[in-house]
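Working through the structure, step by step
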Amino acid sequence: MKRRDVIEFEVDKMEFGGISVSRYGNRDIHMKGGITGQKVKAAVKRTKSGKADVKMLELLENSPIETETPCKHFNECGGCSILSVPYEKQLEIKERQVMDLFLQQDLFEFKFLGIQGSPQNKLYRNKMEYTFGDEMKDGPLTLGLHKKGRHIDIMTVDGCFLVDQDFIKVLTSTVEFFNEKQLPYYRTVNHKGYLRNLVVRKGINTNELMVNIVTSSQVDFNMNEYKDMLLNLDTEAELVSVLHTINDGLADAVNCDELRVLHGRDYIHEEVLGLRFRVSPFSFFQTNTKGAEELYTIAREFVGDHNDKVVFDLYSGTGTIGQVMAKAAKKVYGIEIIEEAVVAANENAKLNGLTNCEFVAGDVAKTVKNLKDKPDLIIVDPPRPGVHKDAVRDISNFGAKEIVYISCNPKTLVLDLVEFKKYGYELEKVKCMDMFPNTPHVETIVKLIKNNKSKKLKI
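These numbers were taken from a predicted model, which means no experiment stands behind them.

**Observations regarding the overall build of the protein chain**
When helices and strands are tallied, the protein chain shows nine helices and 23 strands. At 24 Å, the protein chain has a C-alpha radius of gyration in line with the 23 Å of a compact globule built from 459 residues. Counting only C-alpha atoms and orienting by the principal axes, one finds that the protein chain spans roughly 70 × 60 × 40 Å. Across the 459 residues of the protein chain, 55% fall into the buried class. As presented, the protein chain carries roughly 21500 Å² of accessible surface, and 47% of it is formed by carbon and sulfur atoms. Distance between charge centroids for the protein chain: 6 Å, based on 64 positive and 66 negative side chains.

This is the structure:
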């Protein structure tokens, strides 16, 4: 077997993160995507001793476990890779994948509480970020998601199962509007053009809608006509925010050089477990609101009764988790390096009348030294890369008796748990929460207990 060879095989094991591993001759074949039982044609990208990385070229035959009817964009859009698999089977697959990761790191002797499914496995997202482009060279304007495996081609996903009809109405009306105006979309290859992105956010529990059109500054176009078109749409939610973001950055990402409020305000409200939050156009908020309520309920159960104790919420973001825990704690300190997120967290705490929450901007290790209280329990909710080894050391040296770790990436979670174990923290219990149905991703909640026999390691 050599590079650029084309092979056919049946997909075997699905690993966490959307990778499949199959056997072909005397080699393990690693491929992005693939569902157990599918027969595929693939091109060899690279080979090593006993291993090869391949790219799927064609799906020859569906898997016997693909019994659900997917949306019309399935297998073309790069979004929901396992939408064709029944939801209960999806949960089984994710549960096994996470447990495999624990076993690979020799993490045993804990109580596994299984996986909890999302309250909704379709129409569950509260935010979508769409891109302007075309589906074929010099074709009509499109607005939507990237085609699978393509960095340029954009397809208008007007039949998407991830979002409700308000999103679809805004999407289709927007692409029709700008097709008529014949405005050029922004091309990342030469950084020329005007239309870049459309970001739609919805308060699922408050029924508030935000539409944010993102453009470069290369065309002088009056957006009032677009705003009026949106206000005349028959949406179920109330359109409380229409924004125009100017982004002249070279990166293929939604950044803000200037924000213009075309209608209403520059935020929407969302409610989670009886608390109310302001969600700005660029703030992080869990994209599955109903799932977030389940996730935070599990975390709160793991925390337990801490009425007389101090809780540190590390990597606190806009303070959602810390505020959810506030009723069960004497004091909550949230620490986050992004200052804008800290400002939003303190505003949200004030909005909810929480006087025992304090959110501080700064590096975790340095900021904690300036706090007068020591933690009885620490909540850690890091980004996908997990916790840096030095941060694991610093967190462990705070001396908290318990740590609750909420992870969006179990691959980095298990590596971090091995590090925490070196500092005397033992696994007590683990539970998975499916926040991302029909995709390869899952959240994992872990509780660690300090082994009193361990010694504090010096920095």
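Okay, back to it.
**Digging into unusual backbone geometry**
Even without a glycine there, the phi angle at Gln-182 is positive, about 55 degrees. With respect to the helices and strands, Gln-182 occurs in the loop between helix H2 (165–181) and strand S11 (195–203). Classification of Gln-182 as exposed rests on a relative accessible area of 70%. One non-glycine residue with positive phi stands out, namely Tyr-315, at about 60 degrees. Among the secondary structure elements, Tyr-315 is positioned in the loop between strand S17 (306–314) and helix H5 (320–325).

**Considerations on the packing of aromatic side chains**
Applying the stated rule across the entire model yields 12 aromatic pairs. Here the aromatic rings of Phe-312 and Phe-398 are separated by 6.4 Å at their centres, their planes lie at 75 degrees, and the arrangement is edge-to-face. Taken as a pair, Phe-312 in strand S17 and Phe-398 in the loop between helix H8 (389–396) and strand S21 (402–407) lie far apart in primary sequence, 86 residues in all. A cation over an aromatic ring shows up here: Lys-331 above the ring of Tyr-333, its NZ or CZ 5.2 Å from the ring centre.

**Examining the sheet that holds strand S14 (residues 258–264)**
Two pairing modes exist for strands in a sheet, parallel and antiparallel, and in both the strands are linked by backbone hydrogen bonds. Pairing is mixed across the open sheet formed by seven strands, whose spatial order is S10-S9-S8-S11-S12-S13-S14. Strands at the two margins of the open sheet, each flanked by one partner only, are strand S10 (154–155) and S14. Across six bridges, strand S13 (residues 238–246) lies against S14 in antiparallel orientation. For Ser-241, the partnering residue across the bridge sits in S14 and is Gly-264. Packed on one face of the sheet, helix H3 (residues 224–231) meets S11, strand S12 (208–215), S13 and S14 and runs near 155 degrees to S13.

The rules behind these values
- Residues numbered from 1 in each chain as written.
- Predicted model: local features only at pLDDT ≥ 70, side-chain atom pairs only at ≥ 80, totals over all residues.
- Heavy atoms only, no water.
- Helix = DSSP H or I, 4+ residues; strand = E, 2+ residues; numbered from the N terminus.
- Rg over C-alpha atoms; globule rule 2.2 N^0.38 Å.
- Buried < 20%, exposed > 50% of the residue type's maximum accessible area, 1.4 Å probe, protein only.
- Areas by Shrake-Rupley, 256 points an atom, 1.4 Å probe, with all protein chains shown as cover.
- Lys, Arg positive; Asp, Glu negative; His and termini not counted.
- Charge placed at Lys NZ, Arg CZ, Asp CG, Glu CD.
- Phe/Tyr/Trp six-rings, centres within 6.5 Å; stacked < 30°, edge-to-face > 60°.
- Lys NZ or Arg CZ within 6 Å of the ring centre and 35° of its normal.
- Pairing = 2+ DSSP bridges.
- Contact = heavy atoms within 4.5 Å.
- Axes fitted to C-alpha atoms, helices over the stretch in contact; angles between N-to-C directions.

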